[in-house]
Amino acid sequence: MKKRMKIISSYGVELRKQNIPIRQTLEIYRSAVRYLVKVYESVWEELAQIENSKKRFNAAEHLVHTTKRNPARFDFDFCFPKMPSYFRRAAVQHALGSVSSYRTRLEQWKAEGEKTGKPYLKSEQYAMPVFYHDIMYRENTEEKDAAFLKLYDGHDWKWFATRLKHTDMEYLRKHWSGKKASAPTLEKKHDKYFLRFTYAEEVSLNRTPVKEQTICSVDLGINTDAVCTIMRPDGTILGRKFINFSSDKDRMYRALGRIRRFQREHGSCQAQGRWAYAKRLNTELGRKIAKEIVFYASENKADVIVFEYLEMKGKLSGKKKQKLQMWRKRDIQKRCGQQAHRKGIRISRICAWNTSRLAFDGSGEIARDIRDHRLCTFQTGKRYNCDLSASYNIGARYFIREILKPLPETERSLLEAKVPAVKRRTSCGYADLRELISEMELRKAA
């Protein structure tokens, strides 16, 4: 049985030719949104009575746009002459959403006793226009990496030819050829303008029964980027992999060291550019880790990728404070989820308590090596990799949860009585999974 899932992906294509009136177009569009926000705020009691969203939108547009059968109440057409209809409708939609959100927040504030700061309506709206196909955006059939945009030059709306970055267009042609893209949205980033294309696709998520699943349990770390283990429901280990981009981390840590020395001499105000470089290195490191995890899981035909639910609260202190702050654990899991779903692989999370503290063989708490934190010593004297042991426990906790959850209460209580450790998800591990499977097989044979 397979479950259908809709995935939305987007990609920004840089506009290479910058001497087109993008700025004037953006200014007039935002001015129109500001004008409409003030109009709809003044007549919101009238619009709020219309419950149907489509009818409310039509009523809002009739207030500002004159037609043969409808004289407008406000002079929007006079203030913004010849504005294309799709731009006007996009501005109306954005303004309606802003006023509706403000009114909802205001009612909640009053219902809560006006304890916190009063919400306010932003008149300065940083809206970005949408270039609808054939109306505002057309592909250039003569030139490969080019398009036509309808822009405002200060006097009138005209078509302007613009070049698009070749590498961006090659990416779209390679990965998204034949798939329909939505109307591109203008985007400004790092003083550059982009057209962001959005693609929607439906994928099938595999719903393999737990007894037939193969999972990839992942322990994300700081010393080792990720440790992956391929595991079966009976605890059989099919594969292990250590993912560690040491050169990328060294490059980032050297950049952070230069930032510290620079800030001691010149202060923190002049280090924004250096911090931006370090953050870009960190983001790229997260992308590489996520890509490698999903590739390894797909290569071994895993049905589920299992992570820890990592949540760090409280103040951080000590030598590793900066390393923990730069650790992109949530971003890696998010990227893995997006890439895994496209391949039909599901994502699951388990409680992170004691996965690294307890030995996978059930011998109790481990003792970390002071010199090398990647290694540890079990109470039996065995030396082992700490992250690998944690990945075994992560996979085991997933299977314990999924095996016990659908069982009837009586049968589950009997199994928990035989294997008491599986009652608490914060202390069970790999050894408890093996014991649980053995007990289930004995009961089945009897």
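Residue numbers run consecutively from 1 along every chain, following the written order of its sequence. In view of the model being predicted, local features appear only for residues whose pLDDT reaches at least 70, and side-chain atom pairs are presented and counted only at 80 or more, with totals across whole chains, interfaces and linings using the full set of residues. To get the side-chain values, all heavy atoms of the structure are used, and hydrogens and water are removed first.

A. Region of interest: the overall build of the protein. Only DSSP runs of H or I with at least four residues qualify as helices, and only runs of E with at least two residues qualify as strands; both kinds are numbered from the N terminus onward. Within the protein, the regular secondary structure consists of 13 helices and 14 strands. Scaling as 2.2 N^0.38, a compact globule of 446 residues should have a C-alpha radius of gyration of about 22 Å, whereas the protein reaches 29 Å, well beyond that. Projecting the C-alpha coordinates of the protein onto the three principal axes gives extents of approximately 85 × 60 × 55 Å. Classification of residues uses two cut-offs on accessible area relative to the type maximum, computed with a 1.4 Å probe and protein chains only: under 20% is buried, over 50% is exposed, and between them is partly exposed. For the protein, buried positions account for 44% of its 446 residues. Note on contacts: a residue pair qualifies if any of its non-hydrogen atoms lie within 4.5 Å across the two residues. Residue pairs in contact within the protein that sit at least 24 positions apart in sequence constitute 64% of those at least 6 positions apart. Within the structure as shown, the protein displays about 26100 Å² of accessible surface, and the carbon and sulfur contribution to it stands at 48%. Each charge class in the protein can be summarised by its mean position, and for the 90 positive and 53 negative side chains these summaries are 2 Å apart. Two things to know: the radius of gyration comes from C-alpha atoms, and the globule rule equals 2.2 Å times the number of residues to the power 0.38. We get accessible surface area from the Shrake-Rupley algorithm with a probe of 1.4 Å; when it comes to residues, only the shown protein chains can shield them. Neither His nor the chain ends is counted toward charge; the positive residues are Lys and Arg and the negative residues Asp and Glu. In plain terms, the charge of a residue is placed at NZ if it is Lys, CZ if Arg, CG if Asp and CD if Glu.

B. Local environment of a positive patch on the surface. Taken together, the side chains of Arg254, Arg258, Arg260, Arg261, Arg264 and Arg274 define a basic patch exposed on the protein surface. In terms of residues, the positive patch owes the most to one element, helix H7 (residues 246-266), which gives five residues. Patch building starts from residues that exceed 30% relative accessible area and form no salt bridge, then joins like charges within 9 Å and nonpolar side chains (Val, Leu, Ile, Met, Phe, Trp, Tyr) within 5 Å. When a carboxyl oxygen of Asp or Glu lies within 4 Å of a side-chain nitrogen of Lys or Arg, that pair is called a salt bridge.

C. Layout of the sheet that holds strand S10 (residues 304-309). Ordered in space as S9-S8-S7-S10-S11, the five strands form an open sheet in which the pairing is mixed. A strand with exactly one partner marks an edge of an open sheet, and here the two such strands are strand S9 (237-243) and strand S11 (346-351). Looking at each pair of strands side by side, their axes are set apart by 25° on average, direction ignored. Whether two strands pair depends on DSSP finding at least two bridges between them. As defined by bridge partners, strand S8 (residues 226-231) adjoins S9 across six bridges and the pair is classed as antiparallel. When the sheet's bridge partners are listed, Thr229 is paired in S9 with Arg240. Along the sheet, helix H8 (residues 272-299) contacts strand S7 (215-220), S8, S9 and S10; its crossing angle with S9, the most-contacted strand, is approximately 165°. To obtain each axis, a line is fitted to C-alpha atoms, and for helices this fit is confined to the stretch in contact; angles are then taken between N-to-C directions over 0 to 180 degrees.

D. Structural view of the sheet that holds strand S13 (residues 375-377). As summarised here, the arrangement of the three strands in space is S12-S13-S14, forming an open sheet in which the pairing is antiparallel. Strands with a single pairing partner mark the edges of an open sheet, and in this sheet they are strand S12 (367-368) and strand S14 (383-385). In this structure, S12 lies alongside S13, joined through two bridges in antiparallel fashion. If you follow Ala367 over to S13, its bridge partner there is Thr377.

E. Seen up close, the nonpolar core. Definition of nonpolar core: a set of buried residues of the types Ala, Val, Leu, Ile, Met, Phe, Trp, Tyr and Cys, connected through side-chain atoms within 4.5 Å. Membership of the largest hydrophobic core comes to 50 residues, with the highest contact counts inside it found for Leu36, Tyr40, Phe131 and Leu195. Secondary structure elements with two or more residues in this core: helix H1 (22-42), helix H2 (44-48), helix H3 (53-64), helix H5 (85-111), strand S3 (146-152), helix H6 (166-175) and strand S6 (192-206). Counting residues per element, this core draws most heavily on H1, at eleven residues. By size, the runner-up hydrophobic cluster in this structure holds 31 residues, among which are Val304, Ala396, Tyr398 and Tyr430.

F. The arrangement of the side chain of Thr162 in detail. Relative to the helices and strands, Thr162 is located in strand S4 (residues 157-163). On the accessibility criterion, Thr162 (1% relative accessible area) is buried. Those residues in contact with Thr162, other than ones at most four positions away along the chain, are Leu15, Lys17, Ile20, Ala146, Ala147 and Leu149.

G. Quick look at unusual backbone geometry. You will see that Lys82, though not glycine, has its phi angle at about 60°, which is positive. With respect to the helices, strands and loops of the structure, Lys82 is situated in the loop between helix H4 (76-79) and H5. With relative accessibility at 64%, the residue Lys82 sits in the exposed group. The phi dihedral of Asn354 is positive, around 70°, even though this residue is not glycine. Counting through the fold element by element, Asn354 comes out in the loop between S11 and S12.

H. Summary view of the packing of aromatic side chains. When the centres of two rings from Phe, Tyr and Trp lie within 6.5 Å, Trp using its six-membered ring, the rings pair. Their planes under 30 degrees apart give stacked, over 60 give edge-to-face, and anything left gives tilted. The final tally for this structure, using the stated rule, is 19 aromatic pairs. Between Tyr11 and Tyr171, the ring centres sit 4.4 Å apart and the planes meet at 20°, which makes this aromatic pair stacked. Residue Tyr11 is found in strand S1 (residues 2-14), and its partner Tyr171 is found in helix H6; the two are separated by 160 residues along the sequence. Put simply, the rings of Tyr29, Phe87, Phe131, Tyr152 and Trp157 touch in pairs and so form one group of aromatic residues. Remark: a charge is flagged as sitting over a ring if the NZ atom of Lys or the CZ atom of Arg is within 6 Å of the ring centre and within 35 degrees of the ring normal. The side chain of Arg138 reaches across the aromatic face of Trp159, ending 4.0 Å from its centre. Note that Arg274 overlies the ring of Phe262, its terminal NZ or CZ placed 4.1 Å from the centroid.

I. Geometry of the side chain of Glu14. Take Glu14: it is sitting in strand S1. When residues no more than four places from it in sequence are discounted, the contact partners of Glu14 are Arg163, Leu164, Lys165, Asp168, Lys192, Tyr193 and Phe194.

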